[in-house]
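In case you want the letters, here they are:
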Amino acid sequence: SSLASIPSPRAAPDLFAPATPLPAPKLFSTPLDKVLDAYGHARPAVPHIVADTLAYLEGCAMHVPNLFRGSADKRAIHDLKDAFEAAYKKQLRLRPDELSPLSSDPNVPASLLKLFLYYLPSPLLAPTPDTYARLVATTAPRELNAIIATLPEPNQAIGEVLFPFLARLAVNHQDNKLTPAVLASVFAPILLPPRDPADSASVAKVIRTLISAHATDARLSTLPSPAPSPSPYSGGEGRESRLVHL
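Residues numbered from 1 in each chain as written. Predicted model: local features only at pLDDT ≥ 70, side-chain atom pairs only at ≥ 80, totals over all residues. Heavy atoms only, no water.

Draft legend 1. Quick look at the environment of L99. Note that L99 resides in helix α4 (residues 96-102). Exposure remark for L99: the relative accessible area of 7% places this residue in the buried category. In the structure, L99 is positioned 16 residues away from A83 in sequence and 8.4 Å away in space, judged by C-alpha atoms. If we ignore the near neighbours within four places in the chain, the residues touching L99 are D52, Y56, L80, F84 and L94. (Helix = DSSP H or I, 4+ residues; strand = E, 2+ residues; numbered from the N terminus. Buried < 20%, exposed > 50% of the residue type's maximum accessible area, 1.4 Å probe, protein only. Contact = heavy atoms within 4.5 Å.)

Have a look at this one:
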């Protein structure tokens, strides 16, 4: 047989060839635990995009009519998204002076926050079908609280900052037109999208109940605090009691 018919040995790998770079971490459409893990030892409780957009809106948009319902410039939303993505890839955080020029219209960061929550691989409040079924089966606040306490920790952490913020918006509804029912109509399809059209009313009521519970607290927080009474108990509240205060 000719030498040409002898198969050549498989080429050995080049140990000095540059390694294929790992894909850059992606902020949008990524599970929350992976989003947070990408920060390494500096892992925050909630993604910076959530904390920073809420803080920005809290500072300048609590009385803006129809926040989260108004339209925003798509280019501005895209630019702000790119800025957050770029900062995330470097495990950095946008400075206020970087965020403000990109969000002079409050509807821009409001829209971006909705998009981030909407594109989570699983809904914030219903990461499993079982959780969804339990939530839509009740509107009793204490039962909702118990169910939400079983969510993954990153989901709970976002709920602990998002729902009090929405409640504070609702307290200002005479100015911003954002009652708990209106806010529920905006956020129910994002946080707890109906698996069946017949569930739409139940889903909206779940979100409205969660917002209303915090709205009660927000109203009370504006009143003078009574003198503290001695208590035989000490220590902070558990996580499950912080999401819905009842």
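Back to the text.
Draft legend 2. Focus on the packing of aromatic side chains. Here the structure, examined in full by the defined rule, presents five aromatic pairs. Aromatic side chains Y39 and Y88 sit 5.4 Å apart centroid to centroid with 75 degrees between the ring planes, which places their arrangement in the edge-to-face category. Of the two residues, Y39 is situated in the loop between α1 (32-37) and α2 (48-60) and Y88 in helix α3 (residues 74-89); the sequence distance between them amounts to 49 residues. A relative accessible area of 4% places Y39 in the buried class. Taking the ring centre of F28 as reference, the NZ or CZ of K81 above it sits at 4.8 Å. Seen from the ring of Y132, R195 lies directly overhead, with NZ or CZ sitting 5.2 Å from the centre. (Phe/Tyr/Trp six-rings, centres within 6.5 Å; stacked < 30°, edge-to-face > 60°. Lys NZ or Arg CZ within 6 Å of the ring centre and 35° of its normal.)

Draft legend 3. Focus on helix α5 (residues 107-118). Between its first and last C-alpha atoms α5 spans 16 Å; for 12 residues at 1.5 Å apiece the expected length is 16 Å, and the two agree. A large share of α5 lies buried, amounting to 10 of its 12 residues. Buried within α5 are the following residues: N107, V108, P109, A110, S111, L112, L113, K114, F116 and L117. Its buried side turned inward, α5 meets α1, α2, α3, α4, α8 (153-171) and α10 (180-191). (Expected span 1.5 Å × (residues − 1).)

Draft legend 4. Inspection of the packing of α5 against α10 at higher detail. With their axes 8 Å apart at the nearest point, α5 and α10 run at an angle of 35 degrees to one another. Here K114, L117 and Y118 of α5 come into contact with α10, specifically with V186, F187, I190 and L191. Partitioned by chemical class, the residues of the contact of α5 with α10 number six nonpolar, no polar and one charged. (Axes fitted to C-alpha atoms, helices over the stretch in contact; angles between N-to-C directions. Nonpolar A, V, L, I, M, F, W, Y, C, P; charged D, E, K, R; others polar.)

Draft legend 5. Main features of α3. Along its 16 residues, α3 runs 22 Å from first to last C-alpha, staying within 8% of the 22 Å computed at 1.5 Å per residue. Turning to α3, its buried residues number three or more, namely A76, I77, L80, A83, F84, E85, A87 and Y88. For α3, the N-terminal cap is D73; the gap from its side-chain oxygen to the backbone nitrogen of R75 is 3.2 Å. Phi turns positive one or two residues past the end of α3, at Q91, with a value near 55 degrees. (Polar contact = N/O pair within 3.5 Å; in protein donor to acceptor, adjacent residues only side chain to side chain.)

Draft legend 6. Spotlight on the side chain of T209. Within the element layout of this structure, T209 appears in helix α11 (residues 200-220). If we skip the residues at most four places from it in the chain, T209 touches T139, P141 and L144.

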